[in-house]
Amino acid sequence: MSSRTLPLLFINLGGEMLYILDQRLRAQNIPADKAKKVMNDIITTMFNKKFLEELFKPQELYSKKALRTVFDRLAHASIMRLNQASMDKLYDLMTMAFKYQVLLCPRPKDILLVSFNHMDAIKDFVKDTPSILGQVDETNRQLIEMYTTLSSGDFQLIRQTLLIFFQDMHIRVSIFLKDKVQNSNGRFVLPTSGPVPYGTQVPCLIRMFSCSGEEVTRRQFSNGGNYTAALREGSFEIFGDRVTKLGTNMYSVSRPVETHMSGTSKNSAQHAKVNVAPNPLAKEELNLLAMLMGGLEVQKPGNADNGFRVNLFSTDEEEEEALISRPYDLSYGVINIQATKDQQANAELAKIMGEFTESGDQSPGSSSKGDDLLAMMDGL
């Protein structure tokens, strides 16, 4: 698997998370000053220098639970609180949206254009806050430096790694179902028409060449679709026209978004309860996660009374029902980092936990209120 996939996965999922939260904050009529603080605090935490230093180090992807833990902390990096069911739904929407974007990329390198669309949107969220904007711009420069020189083969490996990560996730999303781009089983419907990848020709012609390389015959055939040539390539500069709309905000037009478990996911969930085997690489993965989260400094809310809860469901009753009915294998519990034999490791973990504990508290009624990093990670 590609060791350069993690930063792209993190940034694209983070961009989708911000789109969703922005839409929900508006829908719940949260005061503009509080909504702005939430977005600023989350983006500040996402682009923390120490955190990104760990993120950009070449490393393999790790489990969905570990990644979910990072985003759980990010979502609670400000005064906003999400109950577990709403956090589950938020993560489902993030992952399915990016999975669809990866599937639709005409060529593997376009994943970078999708990432730049997310980065452009994030910069727009903090355009009035120069200090945070500087953090985002620095990350943008790192992306350009690291990825624009990669070969097509490198991007193919990145795309393959992302699709392997998403392959068992088939959550139905109401927007996708309504637009008929997702089937009732949660699998996406890929188009057989549209623009071809930049640098390629519309399929419909077979050319035959002689041994000397001269074209001798041509044969036309029906391509079975309505293809068009790509007009131009998207810009890979820090500013520019990305051309592709993948990675832009699909929630800009307000409409309700629901997630549903497909029948396949429910069946596999029941099967997972019986066949849960320990992961022999769990210890190494948790060490990596501890190192990654060690650089993620969460802002401490100045006044707990200013906090508020965001519900991604229409009512509290729907949220409670979703929590109860969620399949076992999709209920991202908490992961427990155990390092009792190494005093130095314990000291480092204690330092990490100290940065997370107070700011990571969830609202009353949440299943993980007041959890520190160890309690947060119980249940791997």
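Remember, it's a predicted structure, so these values are computed and weren't measured experimentally. (Residues numbered from 1 in each chain as written. Predicted model: local features only at pLDDT ≥ 70, side-chain atom pairs only at ≥ 80, totals over all residues. Heavy atoms only, no water.)

Caption draft 1: Up close: unusual backbone geometry. Of note, the phi angle at Lys 180 is positive, near 60 degrees, even though the residue is not glycine. Of note, Lys 180 is situated in the loop between α9 (174-178) and β3 (194-195). (Helix = DSSP H or I, 4+ residues; strand = E, 2+ residues; numbered from the N terminus.)

Caption draft 2: Main features of the environment of Met 146. Relative to the helices and strands, Met 146 resides in helix α7 (residues 130-147). Of the residues examined, Met 146 reaches a relative accessible area of 18% and is grouped as buried. Spatially, the C-alpha atoms of Met 146 and Phe 56 are 9.0 Å apart, while their sequence positions differ by 90 residues. Other than its neighbours up to four places away in sequence, Met 146 contacts Arg 4 and Phe 56. (Buried < 20%, exposed > 50% of the residue type's maximum accessible area, 1.4 Å probe, protein only. Contact = heavy atoms within 4.5 Å.)

Caption draft 3: Inspection of the environment of Lys 99 at higher detail. Tracing the backbone through its elements, the reader meets Lys 99 in helix α5 (residues 84-104). Excluding residues that lie within four positions of it along the chain, Lys 99 makes contacts with Phe 166, Gln 167, Met 169, His 170 and Phe 188.

Caption draft 4: Representation of the side chain of Glu 16 within the structure. In this fold, Glu 16 is placed in helix α1 (residues 6-27). At a separation of 2.9 Å, a polar atom in the side chain of Glu 16 contacts the side chain of Gln 101. (Polar contact = N/O pair within 3.5 Å; in protein donor to acceptor, adjacent residues only side chain to side chain.)

Caption draft 5: Representation of the packing of α1 against helix α6 (residues 110-125) within the structure. At a minimum axis separation of 9 Å, α1 and α6 run at an interaxial angle of 45 degrees. The orientation of α1 relative to α6 falls into the category oblique. For the element pair α1 and α6, the recorded crossing hand is left-handed. For the pair formed by α1 and α6, the contact residues are Leu 8, Ile 11, Asn 12, Gly 15, Glu 16, Leu 18, Tyr 19 and Asp 22 on the first element and Ile 111, Leu 112, Val 114, Ser 115, Asn 117, His 118, Met 119, Ala 121, Ile 122 and Phe 125 on the second. (Axes fitted to C-alpha atoms, helices over the stretch in contact; angles between N-to-C directions. Parallel < 35°, antiparallel > 145°, perpendicular 65-115°, else oblique. Left-handed = near helix turned anticlockwise from the far one by under 90°.)

Caption draft 6: Highlighting the packing of aromatic side chains. Under the defined criterion, the tally for this structure stands at 9 aromatic pairs. Measuring from centroid to centroid gives 4.8 Å for Tyr 100 and Phe 188, while their planes differ by 25 degrees, and the two rings are stacked. Note that Tyr 100 is positioned in helix α5 and Phe 188 in the loop between α9 and β3, a separation of 88 residues in sequence. Each member of the pair, Tyr 100 together with Phe 188, is buried. Between Phe 176 and Phe 188, the ring centres sit 5.3 Å apart and the planes meet at 80 degrees, which makes this aromatic pair edge-to-face. You can see Phe 176 sitting in helix α9 and its partner Phe 188 sitting in the loop between α9 and β3, a full 12 residues away along the chain. Members of the aromatic cluster, connected to one another through ring pairs, are Phe 10, Phe 51, Phe 71 and Tyr 91. The aromatic ring of Phe 165 is capped on one face by Lys 64, whose charged end is 4.9 Å from the ring centroid. (Phe/Tyr/Trp six-rings, centres within 6.5 Å; stacked < 30°, edge-to-face > 60°. Lys NZ or Arg CZ within 6 Å of the ring centre and 35° of its normal.)

Caption draft 7: Fine view of the packing of helix α2 (residues 32-46) against α7. For the pair α2 and α7, interaxial distance at closest approach is 10 Å and the crossing angle is 40 degrees. Judged by the angle between their axes, α2 and α7 are oblique. Handedness of the α2/α7 crossing: left-handed. For the pair α2 and α7, the contacting residues are Asn 40, Ile 43 and Thr 44 in the first and Ile 132, Gln 135 and Val 136 in the second.

Caption draft 8: Molecular detail of the side chain of Arg 81. Residue placement: Arg 81 occurs in strand β1 (residues 80-81). A residue is classified by how much of its surface remains accessible, and Arg 81, at 9% relative accessible area, is buried. Of note is the side chain of Arg 81, whose polar atom sits 3.4 Å from the backbone oxygen of His 76. Polar contacts involving the side chain of Arg 81 include one to the main-chain carbonyl oxygen of Ser 78, which spans 2.6 Å.

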